[in-house]
Amino acid sequence: MRNLFSKYIVIGICLIFSGKSFSQSPQTLSQISLFLNDAALYSDKYITPATDAAVYQSSAGWMSSAKKRKLFAVTLGIYGNAFLVPKRDRSFEIKNSDFSFFTIQNANSEPISSASVPSTLGNDDHYYLVGQIDNNNQIKLESPKGVNQESIVYPYLQGSISLWKGFEVVGKYSTKVKLKRGEYQVYGFGLKHNFSQYISSLTKHKINLAVLFAFSKEDISFDFLDTYTSYGNLGINKITGKVETCQFQISASKEWKKFELMLSSITNKSDFKYFLTGEKGQIEEVIPVQYILNEKLKVIYKTKFNSIWEISGRYQFNKFYVQSCVAFGKFVNTNLSVQYEF
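Below: a short report on this structure. (Residues numbered from 1 in each chain as written. Predicted model: local features only at pLDDT ≥ 70, side-chain atom pairs only at ≥ 80, totals over all residues. Heavy atoms only, no water.)

**Considerations on the overall build of the protein**
Heads up, the rule is: Helix and strand definitions follow DSSP, with helices as H or I runs of at least four residues and strands as E runs of at least two, each counted in order from the N terminus. Partly exposed describes any residue whose relative accessible area lies between the buried limit of under 20% and the exposed limit of over 50%, with all areas from a 1.4 Å probe on protein chains only and scaled to the type maximum. Note on definitions: a residue-residue contact is assigned when non-hydrogen atoms from the two residues lie within 4.5 Å. Shrake-Rupley sampling with a 1.4 Å probe provides the accessible areas, and residues are treated as covered by the protein chains on show and by no other component.
In terms of helices and strands, the protein carries four helices and 19 strands. Burial analysis of the protein (342 residues in total) assigns 51% to the buried set. A fraction of 68% describes how many contacts in the protein between residues 6 or more apart in sequence connect residues 24 or more apart. Carbon and sulfur atoms make up 59% of the accessible area of the protein, which totals about 16,000 Å².

**Describing the pairing of strand 16 (residues 259-276)**
Applicable threshold: Note on pairing: DSSP must find at least two bridges between two strands before they are called paired.
Bridging between strand 15 (residues 238-256) and strand 16 involves 18 bridges; their strand directions are antiparallel. The partner of Trp-256 across the bridge, within strand 16, is Phe-259. Direction of pairing for strand 16 relative to strand 17 (residues 302-317): antiparallel, over a ladder of 14 bridges. Paired with Ser-265 across the strands is Trp-309, a residue of strand 17.

**Topic: the sheet that holds strand 3 (residues 103-105)**
What the four strands build is an open sheet, ordered 4-3-6-7; its pairing is antiparallel. At either margin of the open sheet sits one strand with a lone partner, and together these are strand 4 (111-112) and strand 7 (137-142). Alignment of strand 3 against strand 4, held across two bridges, turns out to be antiparallel. Along strand 4, the bridge assignment pairs Ile-104 with Ile-112.

**Some thoughts on the side chain of Thr-245**
Note on placement: Thr-245 falls in strand 15. Assessed through its relative accessible area of 1%, Thr-245 is described here as buried. The contacts of Thr-245, once residues within four sequence positions are left out, are Val-55, Ser-58, Ala-214, Phe-215, Ser-216, Glu-218, Asn-268, Lys-269 and Ser-270.

**Side note on the packing of aromatic side chains**
Put simply, the rule is: The criterion for an aromatic pair is that two Phe, Tyr or Trp rings (for Trp, the six-membered ring) have centres within 6.5 Å, with stacked assigned to planes under 30 degrees apart, edge-to-face to planes over 60 apart and tilted to the rest. By definition here, charges over rings are those cases where NZ of Lys or CZ of Arg is within 6 Å of the ring centre and within 35 degrees of the ring normal.
With the rule as written, the count across this model stands at 20 aromatic pairs. Their ring planes at 80° and their centres at 5.2 Å tell us that Phe-72 and Trp-164 sit as a pair that is edge-to-face. With a gap of 92 residues between them, Phe-72 in the loop between helix 2 (26-59) and strand 1 (74-84) and Trp-164 in the loop between strand 8 (151-162) and strand 9 (167-173) connect regions that are remote in the sequence. Taken together, the aromatic side chains of Phe-35, Phe-99, Phe-101 and Phe-102 make up a single cluster linked through ring pairs. Looking at Lys-140, its charged tip hangs above the ring of Tyr-128, at a distance of 4.6 Å from the centre. Above the plane of the ring of Phe-272 lies Lys-304, whose end atom (NZ or CZ) is 5.8 Å from the centre.

**Points about the nonpolar core**
Note on soluble globular proteins: their nonpolar side chains tend to be buried together. Threshold: In this text, buried Ala, Val, Leu, Ile, Met, Phe, Trp, Tyr and Cys residues form a nonpolar core when linked through side-chain atoms within 4.5 Å.
Grouped together as the largest cluster of nonpolar side chains are 60 residues, with contacts concentrated most on Tyr-42 and Ile-94. Among the elements that take part in this core, helix 2 stands out by supplying 13 residues, more than any other. Excluding its chain neighbours within four sequence positions, the residues that come into contact with Tyr-42 are Phe-92, Ile-94, Phe-99, Val-117, Leu-129, Ser-143, Pro-144 and Phe-224. Membership of the second largest hydrophobic core comes to eight residues, among which are Trp-62, Met-63, Ala-210 and Ala-214.

**Remarks on the side chain of Gln-158**
The residue Gln-158 is located in strand 8 in this model. Ignoring sequence-local partners within four residues, the contact set of Gln-158 consists of Gly-61, Trp-62, Thr-75, Leu-76, Gly-77, Tyr-79, Val-170, Gly-171 and Lys-172.

**Examining the pattern of salt bridges**
The criterion, for reference: Whenever a carboxyl oxygen of Asp or Glu lies within 4 Å of a side-chain nitrogen of Lys or Arg, that contact is scored as a salt bridge.
What the rule picks out here adds up to 18 salt bridges. A salt bridge links Asp-44 to Lys-302, with the nearest nitrogen and oxygen atoms 3.1 Å apart. On the criterion of sequence distance, the pair formed by Asp-44 in helix 2 and Lys-302 in strand 17 is long-range, its members being 258 residues apart. The class of Asp-44 is partly exposed, set by a relative accessible area of 22%. One salt bridge in this structure joins Glu-168 and Arg-69, with 3.2 Å as the shortest N-O distance. In this pair, Glu-168 sits in strand 9 while Arg-69 sits in the loop between helix 2 and strand 1, placing the two residues 99 residues apart along the sequence. Here Glu-168 and Arg-69 have matching classes, each one buried. One salt-bridge network, held together by shared partners, links Arg-69, Glu-168, Lys-192 and Glu-341.

Shape descriptors only; they carry no functional weight alone.
Written out as structure tokens, the structure is:
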């Protein structure tokens, strides 16, 4: 793979030299490499807050009840999820010393030494990242903006069917939800098991204990860096984070007639990968920028563990249930659903 990567760079640069009036010098090669390195560095700082938040959004509301259900009971629900955007993750600091290629300009195109720029969860402020190749070919990129929302709200569907011996299969799915300058989607499945059924003193007092294992995928995309240059359109206008999360949850609940109060402890492991997924730019005719940057983004792939608490309340109206839950830890995520049990 490394040899293939180097081959693409060499071919691309040779094509650039043959089609553009660039000086064939080691300095040119170095500047192109530094530009790609800076773009990868900015990608990491910009999108990481959103992918971290996506884990909390996908982790919430998996278990609607800790009690054992009747065999083949089916529950379907419509869920509304609201993630509260924390102020600390809405921006990040950049300095000229962070970059090897770019320097920073404010919205009036005046040079500055540092700036607090929006992350994916941030506001509409913007700055410019400016660099030169061969001293006569300027690259000027407008910094990407954030969702500029106090909360991120989206709907999804979730259903479950109870099986033998207290097991229950759960699935959740959302279509691609449009955000300001982005999209979000989550889907996955889980397996729950009630084990308070083995302790008669707990069932006698309507105390329920259950565990759940779940696997989910979250895809989140945002508008990213793009502009027209003497090289043509760069084609780095969309960045996507793909997250795979494995979750273990243990829950305890207490029933009072038609109301159930549940407390859960959630531990999950998430693998994060990042890709440029927008339409390829005109520059691809001479150098595969998107491919090269996607190779560089592999350096910022990561794995994270989270510990989350969740508290929920569920009330029954005949065969309908209304449930609200709050998950909290590094972030706060709320969830409201209406469910029907067949």
